[in-house]
Amino acid sequence: MVEQLKSTGPVLAVDAGHLFLREHTLPDSERADREAKARLIAKATALGGIDAMLPGQGDIQFGRAFIEAVAKEYALPYVVSNANCDSPLPWPTKLEFDRGGVRIEVYGQWSGSAPLPGCRVFDSPEGLEGSVPSDTVVIVLADQSDRQVAELTERFPAIDLIVRSDAQKPLGTPAVMPNGGLLLSSGGKGKTLGILAVNV
């Protein structure tokens, strides 16, 4: 589906987490089956043409070693912008794109409720503290609550879109954020594809 859309014009495909696991716990008795399924999902996601993604709370339950190995094997374009780890994460804090002459910056924002061992999560996405050019579209992939999203957009009015991995509360239509930007959420585990058409 994503590849079909990309054949029609400029498209940026993103995922904000809970791709491998909707729940926030992974029982040991289910790990082997869940890992096998996660690898299939990762392969399909990579083949589908994903451009940027955030490992969500459910995904983190597999452990850092597994997530990093799968991301490397299938070249998953993870981005995490608000974590400081004893052993640095192998993913960038920002991804940059040009789509049809439009400059786009993508950040990944963890909630901090399920951080990886040895990692500390902070409130602000690294790189957004400074000024952002007015011709740049800023997208944040956020595994966060309504309150956290509202606070984030109040602190950083340059954010245009927040794509949230809230598997419990998908949105049929975009919600307007305090800064005038849009909040998008199509649910977890990649089962629903949300499409936002932007005219520039």
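Quantities reported herein were computed from a predicted structural model and do not represent experimental measurements. (Residues numbered from 1 in each chain as written. Predicted model: local features only at pLDDT ≥ 70, side-chain atom pairs only at ≥ 80, totals over all residues. Heavy atoms only, no water.)

What about the pairing of strand S7 (residues 136–142)?
- Buried residues dominate S7, accounting for 6 of its 7 residues.
- In this structure, strand S5 (residues 102–109) lies alongside S7, joined through 7 bridges in parallel fashion. Note that in S7 the partner of valine 106 across the bridge is isoleucine 139.
- With helix H5 (residues 146–155) bridging S7 and its parallel neighbour strand S8 (residues 161–164), the resulting β-α-β unit is right-handed. (Buried < 20%, exposed > 50% of the residue type's maximum accessible area, 1.4 Å probe, protein only. Helix = DSSP H or I, 4+ residues; strand = E, 2+ residues; numbered from the N terminus. Pairing = 2+ DSSP bridges. Right-handed = clockwise from strand over helix to strand, strands pointing away.)

Describing the pattern of salt bridges
- Under the counting rule described, the total for this entry stands at 10 salt bridges.
- Here glutamate 30 ties to arginine 34 by a salt bridge, and the two come within 3.2 Å at their closest N and O atoms.
- For glutamate 30, a relative accessible area of 31% puts it in the partly exposed group.
- Judged by relative accessible area, which is 22%, arginine 34 ranks as partly exposed.
- A salt bridge links arginine 147 to glutamate 151, with the shortest nitrogen-to-oxygen separation between them at 3.2 Å. Placement of the pair is arginine 147 and glutamate 151 together in helix H5, with a separation of 4 residues, close to one helical turn.
- On the basis of relative accessible area, arginine 147 is assigned to the exposed category, the value being 51%.
- Counted as one network, the salt bridges with shared partners bring together Lys94, Glu96, Arg103 and Glu105. (Salt bridge = Lys/Arg side-chain N within 4 Å of Asp/Glu carboxyl O.)

Structural notes on the packing of helix H2 (residues 31–47) against helix H4 (residues 64–74)
- For the pair H2 and H4, interaxial distance at closest approach is 10 Å and the crossing angle is 35°. Every pair of crossing elements has a handedness; the one defined by H2 and H4 is right-handed. Residues Glu35, Ala38, Arg39, Ala42, Lys43 and Ala46 of H2 lie in contact with H4, whose contacting residues are Phe66, Val70, Glu73 and Tyr74.
- Looking at the contact of H2 with H4 residue by residue, the classes come out as 6 nonpolar, no polar and 4 charged. (Axes fitted to C-alpha atoms, helices over the stretch in contact; angles between N-to-C directions. Left-handed = near helix turned anticlockwise from the far one by under 90°. Contact = heavy atoms within 4.5 Å. Nonpolar A, V, L, I, M, F, W, Y, C, P; charged D, E, K, R; others polar.)

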